[in-house]
Amino acid sequence: MLAFAINAVIPGADFAMVLRQAIAHDRRAALFTSGGVATSILVHGSYTLLGVGVIVGQSLLLFNVLKWLGAAYLVYLAISALRSPPPKPPVEADLAAAPRSDLSAFALGFLTNLLNPKAVLFFLALFTSLVSAHTGGDIKVFYVACMSGMLFAWFALVSIFFTTASVRQRFFRFGRWFNRVTGITFILLAVRVALAQQH
């Protein structure tokens, strides 16, 4: 749990996405995105427990497919961020614009984490190094459930903090620079994912 907690709080694609949702949209969107990230962890944990993660970890082809899908998705998010209008306070926002649906916010977080090969490698390393082969299946399921809950709790705190009025106002002052910085961040993360190697 400690190893997972340390990995969870290190900023990466998930953090960047939740932060963007909090500033560009609202707390509700950020929380649903956090829920998507946490649910994706359940998927990673499930296939690792079933042994599929070992297959992905050993297959260069499958690993590279996942790696390039993840990098392409991050580039897509970067382009979307760079092309988006600057975030504005709600009073200045276009009230006629359709609000972002909860499902799309959830899917955004889910796909951001699901297509990250770093998550695959992390779960493989964690379960092969720190979990005994004699550990019961129910205990392993409990581990995965706890990881998902911890991740949601962390990103829920991130969502709440970055949607407080004072913090959001500081980001609003950056205007288009916020989109540029987040777009460049996603591009750098895409490069990092593309350069990921099997170990």
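Considering helix α6 (residues 102-114)
The terminal C-alpha atoms of α6, which comprises 13 residues, lie 18 Å apart, in line with the 18 Å expected from a rise of 1.5 Å per residue. For α6, the full list of buried residues reads Ala105, Leu108, Gly109, Thr112 and Asn113. The buried residues of α6 all sit within an arc of 115° when viewed along its axis, so they share a single face.

Concerning the confidence of the model for the protein chain
Averaged over all residues, the pLDDT of the protein chain is 78; the fraction at 70 or higher stands at 75%. Helix α4 (residues 52-58) is the least confidently modelled element of the protein chain, averaging 62 in pLDDT, while α6 averages 92, the highest of any element. Contacts from residues 91-98, a stretch scored under 50 in pLDDT, to residues over four places away or in other chains number 1 contact.

A short note on the nonpolar core
Phe4, Leu151, Phe155 and Phe162 are the most contacted members of the largest nonpolar core, which has 19 residues in total. Ranked by size, the runner-up nonpolar core spans 15 residues in total, among them Ala13, Met17, Tyr73 and Leu77.

A few points about the packing of aromatic side chains
All told, the structure shown has 3 aromatic pairs when counted by the stated rule. Their ring planes at 85° and their centres at 6.3 Å tell us that Phe15 and Phe162 sit as a pair that is edge-to-face. Taken together, the residues Phe15 in helix α2 (residues 13-24) and Phe162 in helix α8 (residues 137-162) connect sequence positions 147 residues apart. Owing to a relative accessible area of 14%, Phe162 belongs among the buried residues under this scheme. Among the aromatic residues, those joined into a cluster by ring pairs are Phe15, Phe161 and Phe162.

With respect to the pattern of salt bridges
Applying the stated criterion to the full structure yields 1 salt bridge. Across the pair Arg28 and Asp102 runs a salt bridge, and its minimum N-O distance is 2.7 Å. In this pair, Arg28 sits in helix α3 (residues 27-50) while Asp102 sits in helix α6, placing the two residues 74 residues apart along the sequence.

Quick notes on the environment of Ser80
Considering the arrangement of structural elements, one finds Ser80 in helix α5 (residues 60-83). Residue class for Ser80 comes out partly exposed when judged on its relative accessible area of 29%. With 99 residues separating them along the chain, Ser80 and Asn179 place their C-alpha atoms 9.0 Å apart.

Brief notes about the environment of Asn116
Along the chain, Asn116 falls in the loop between α6 and α7 (117-130). In the structure, Asn116 is positioned 73 residues away from Leu189 in sequence and 9.9 Å away in space, judged by C-alpha atoms.

Quick notes on the side chain of Ser40
One can find Ser40 in helix α3. Taking relative accessible area as the criterion, Ser40 reaches 0% and is therefore assigned buried. Polar side-chain contacts of Ser40 include one of 3.0 Å to the side chain of Asn113. Ignoring sequence-local partners within four residues, the contact set of Ser40 consists of Phe110, Asn113 and Leu114.

What counts, and at which threshold
Residues numbered from 1 in each chain as written. Predicted model: local features only at pLDDT ≥ 70, side-chain atom pairs only at ≥ 80, totals over all residues. Heavy atoms only, no water. Helix = DSSP H or I, 4+ residues; strand = E, 2+ residues; numbered from the N terminus. Expected span 1.5 Å × (residues − 1). Buried < 20%, exposed > 50% of the residue type's maximum accessible area, 1.4 Å probe, protein only. Arc of directions from axis to C-beta. pLDDT = per-residue confidence, 0-100. Contact = heavy atoms within 4.5 Å. Core = buried A, V, L, I, M, F, W, Y, C linked by side-chain atoms within 4.5 Å. Phe/Tyr/Trp six-rings, centres within 6.5 Å; stacked < 30°, edge-to-face > 60°. Salt bridge = Lys/Arg side-chain N within 4 Å of Asp/Glu carboxyl O. Polar contact = N/O pair within 3.5 Å; in protein donor to acceptor, adjacent residues only side chain to side chain.

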